[in-house]
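# Notes for the structure review
Below, each chain spelled out in residue letters.
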Amino acid sequence: MHFSHRLVIVVGGLLSACGLLLASLDLGLPWLYLTMGVLQGTGIAFTWIPANSLVSHYFSRWRPIAYAAASSGECVFAVVFSPSFRWLIEAYGWQGALLVIGGLQLNLCVCGALMRPLEADDATEAPARRKVVFQFSLMGKPELLLYILYGVLAAVGFFVPPLFLVPFVSSLGTGSYWPAFLLSALALADLAGRLLCGWVANARLVRNLQLLATVVTLLGVVLLLLPVSRDYWTVLVFSALYGFLLGCAVAIHVTSIVDIVTLEGFDSGLGLFMLFRSIGGFFGPPAAGWLVDRTGDYSAAFYLSGVCLLLSAVFVGLVDRLVQRRKSSEAKVHQEVTSGKVNPRCRRLSSIRSW
């Protein structure tokens, strides 16, 4: 059965809003796991993946900067809402704050309804698109498997630091509102990183995977150095660097999937990548919390994230080498075909092997 991107996004908006609205009933911790965790998480997945798929399909030459601009909305929201969320809790309580946020997430349905559906280029392409199924066979590509390993490890570095940044700064003796503004500064730097790195990737100054490996390496180094800070302003500088480099990584780590599986396999490749990347997002925060409890120091969470990011950069480098080797092989075969050294049947077999 085939569902349009628009319908999936609208359903995801409803699930996400219902998850927060039901969570406000405060029926216990298991209830929060079910509503804010499972229900809202499913809704966010239903909205995020189709929206990114549409951007990647509609843009070719400008794909990196288009994705960077499209994903910058979450940064703007974080800048505005990080200080406001504490005020909502103080004014309406955490249950009232969840109701407000749940109501805001209903706007995802409006955004989904405004999404322009994909159109076939000609009459023969439409039936072919309707027959497309999820391509589990992509798991047989070593490049994608290595990139999934990158995603699992990088998820720890993406999700853990924002969770422990505020407690870490609060432990230094800052006021109640200063840590919230720290997240706003991080989001602003994140926005700048997305737009700048999207432009760099769009200019084709370096390969996407090469740029991603460099950015992720620097991100890991910054997280290893951040716990050295013992005053608010130094933490602010490292947090801004973290946000900037995080934005750079986010701007290109999704569009790089096109380089690995081509545009035809992008939807399935993105789904598989996000499915397995969630493993890092699921186990990373509890593992970091366990380390903090064992050591009694929030620095352990940042050290864990930094090491995971450095390891993930190694996998990106390996993927880049495999992709370049594949493209070089394909270019060689194409050159031989055009020069008449390889017959069309061999060309067809070569293309099948490359896939």
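Everything that follows concerns the structure shown earlier in this document.
Residues numbered from 1 in each chain as written. Predicted model: local features only at pLDDT ≥ 70, side-chain atom pairs only at ≥ 80, totals over all residues. Heavy atoms only, no water.

### Examining the overall build of the chain
Per the secondary structure count, the chain includes 14 helices and zero strands. Going through the 355 residues of the chain one by one, you find that 42% of them count as buried. Here the contacts in the chain between residues at least 6 apart in sequence split such that 81% fall between residues at least 24 apart. Of the accessible surface of the chain, which amounts to about 18,200 Å², a share of 69% is contributed by carbon and sulfur atoms. (Helix = DSSP H or I, 4+ residues; strand = E, 2+ residues; numbered from the N terminus. Buried < 20%, exposed > 50% of the residue type's maximum accessible area, 1.4 Å probe, protein only. Contact = heavy atoms within 4.5 Å. Areas by Shrake-Rupley, 256 points an atom, 1.4 Å probe, with all protein chains shown as cover.)

### Some points on the nonpolar core
In this structure, Tyr147, Tyr150, Phe158, Leu165, Leu212 and Ile260 are the most contacted members of the largest nonpolar core, which totals 66 residues. Contributions of two or more residues to this core are made by α3 (63-71), α7 (142-170), α8 (178-202), α9 (208-225), α10 (232-253), α11 (256-261), α12 (266-295) and α13 (299-338). Among the elements that make up this core, the one with the highest residue count is α7 (14 residues). When near neighbours in sequence (up to four residues on either side) are disregarded, Tyr150 contacts Phe158, Leu212, Val216, His253, Phe273, Ser312, Phe315 and Val316. Counting residues in hydrophobic clusters, the runner-up holds seven residues, among them Leu20, Ala23, Phe81 and Ala97. (Core = buried A, V, L, I, M, F, W, Y, C linked by side-chain atoms within 4.5 Å.)

### Focus on the packing of helix α1 (residues 5-23) against helix α2 (residues 29-58)
Taken N-terminus to C-terminus, the directions of α1 and α2 make an angle of 155°; their axes are 7 Å apart at the nearest point. Regarding the angle of α1 to α2, the classification is roughly antiparallel. The chirality of how α1 crosses α2 is left-handed. When grouped by side-chain class, the residues that make up the contact of α1 with α2 number 17 nonpolar, 11 polar and no charged. (Axes fitted to C-alpha atoms, helices over the stretch in contact; angles between N-to-C directions. Parallel < 35°, antiparallel > 145°, perpendicular 65-115°, else oblique. Left-handed = near helix turned anticlockwise from the far one by under 90°. Nonpolar A, V, L, I, M, F, W, Y, C, P; charged D, E, K, R; others polar.)

### So, the packing of aromatic side chains
Applying the stated criterion across every chain yields a total of seven aromatic pairs. Each ring, one from Tyr150 and one from Phe273, has its centre 6.4 Å from the other, and the planes form 20°; the classification is stacked. Pair noted here: Tyr150 is in helix α7 and Phe273 is in helix α12, with a separation of 123 residues, a long-range link. In this structure, Tyr150 and Phe273 share a single accessibility class: buried. Ring centres 5.5 Å apart and planes at 65° place the aromatic pair Phe168 and Phe302 in the edge-to-face group. Within this pair, whereas Phe168 is found in helix α7, its partner Phe302 is found in helix α13, the two being separated by 134 residues in sequence. This pair shows no difference in class: Phe168 is buried, exactly as Phe302 is. (Phe/Tyr/Trp six-rings, centres within 6.5 Å; stacked < 30°, edge-to-face > 60°.)

### Let's talk about the pattern of salt bridges
A complete count under the given rule lists three salt bridges for this structure. Between Glu143 and Arg326 there is a salt bridge, with its nearest N and O atoms 3.6 Å apart. Taken together, the residues Glu143 in helix α7 and Arg326 in helix α13 connect sequence positions 183 residues apart. Taking the shortest distance from any N to any O, the salt bridge between Arg207 and Asp320 comes out at 2.8 Å. Residue Arg207 is located in the loop between α8 and α9, and its partner Asp320 is located in helix α13; the two are separated by 113 residues in the primary sequence. (Salt bridge = Lys/Arg side-chain N within 4 Å of Asp/Glu carboxyl O.)

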